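# Examining the three-dimensional arrangement
In case you want the letters, here they are:
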Amino acid sequence: NLYSAAFAFGRIKSAEIPHFYFQFNSDEFLFAGGQYSMDPNNMKKIRAAIFNNFEEYKKIIQNKNFKRAYGEIMGESLTNLPKGFILNEQDVNPLLLKSLKMKQFYVYKTYPSVIILGEKVIDVILKNIKLVYSFTKFLSNAIK
C-alpha cells in the first residue's frame, strides 16, 4: 500500500500546480516539492518567470543547503528551447538554457520507511518544507 499527501499555497492541492508532497510505503518515505505536472500553460508561465527573474531563481536553486539536500532540479526536458525564447546559446548561462528546456521542476529526497513510525517524522517533513519552500513558492507565484 502507498499512502500520500500533498498541499499547495493558498488553495486546495491540484496535481497541476506546484506543491509539497510526501508518500510512504513499507519500503521508503519520500518528500518532494515543485511542479511535477507538465501542464502546458503552467510551463509557459514558469519558464517566463525563470527567464524574467533568473537571478532570483538561480539564487534559490543554488542555495548551499538546498543543493546539499536535493542536488539538481529534476524533471523531463525538451531537446530544444521552447517557442518564444530566442537566445544565442554560446552567450547565455547554461543553467538558464537547461531551465528553460525543462518540462517539470521538482526535487525529492527519500528516507527509510521506519521514519514514519518514529517521533522524528514531523521534524523531517518540516525540515524539507523549509528547504524547498522558496523553490516551490517561486513556481507557485509564476503560475498565478
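We now turn to the structure provided with this report. Small disclaimer: the values here were computed from a predicted structure and weren't measured.

### A few points about the overall build of the protein
- Across its full length, the protein carries 5 helices and 4 strands.
- Counted from the first residue to the last, the protein has its helices and strands arranged as β-β-β-α-α-α-α-β-α.
- For a compact globule of 144 residues, the expected C-alpha radius of gyration is about 15 Å, and the protein comes in at 16 Å, within 12% of that figure.
- Summarising its shape, the C-alpha atoms of the protein cover approximately 50 × 30 × 25 Å along the three principal directions.
- The buried share of the protein, taken over its 144 residues, is 42%.

### Digging into the pattern of salt bridges
- All chains considered together, the criterion is met by 4 salt bridges.
- Here Glu55 and Lys58 are joined by a salt bridge, their closest N and O atoms 3.6 Å apart. A residue pair is termed a helical-turn pair when its members lie 3 or 4 positions apart in one helix, as Glu55 and Lys58 do in helix H2 (residues 54–61) at 3 residues.
- Glu76 serves as the salt-bridge partner of Lys103, at 3.7 Å between the closest nitrogen and oxygen. Here the residue Lys103 occupies a position in the loop between helix H4 (94–101) and strand S4 (105–112), and Glu76 occupies one in the loop between helix H3 (64–70) and H4, the gap between them amounting to 27 residues.

### Quick look at H2
- Of all the residues in H2, the buried ones are Phe54, Tyr57, Lys58, Ile60 and Ile61. For H2, the arc enclosing every buried residue in end-on projection is 160 degrees, short of the 170-degree limit, so these residues lie on one face. Of the residues in H2, the exposed ones pointing more than 90 degrees away from the buried face are Glu55 and Lys59.
- Against the buried residues of H2 lie helix H1 (40–52), H3, H4, S4 and helix H5 (121–142).

The rules behind these values
Position numbers for residues count from 1 along each chain, tracking the sequence in the order it is written. pLDDT decides what is reported in this predicted model: residues at 70 or higher carry local features, side-chain atom pairs at 80 or more are listed and counted, and totals for whole chains, interfaces and linings draw on all residues regardless. Only hydrogens and water are set aside; all other atoms, that is, all heavy atoms of the structure, feed into the side-chain values. Each helix corresponds to a stretch of at least 4 residues labelled H or I by DSSP, and each strand to a stretch of at least 2 residues labelled E; elements are numbered beginning at the N terminus. As a reference, a globule follows 2.2 Å times the number of residues to the power 0.38, and the radius of gyration itself is taken over C-alpha atoms. Any residue under 20% of the maximum accessible area for its type is buried, any over 50% is exposed, and the rest in between are partly exposed; the area is computed with a 1.4 Å probe on protein chains only. We define a salt bridge as a contact between a side-chain nitrogen of Lys or Arg and a carboxyl oxygen of Asp or Glu at a distance within 4 Å. As used here, the arc is the angular range of directions from the helix axis to the C-beta atoms. Contacts between residues were defined by any pair of non-hydrogen atoms, one from each residue, lying within 4.5 Å.

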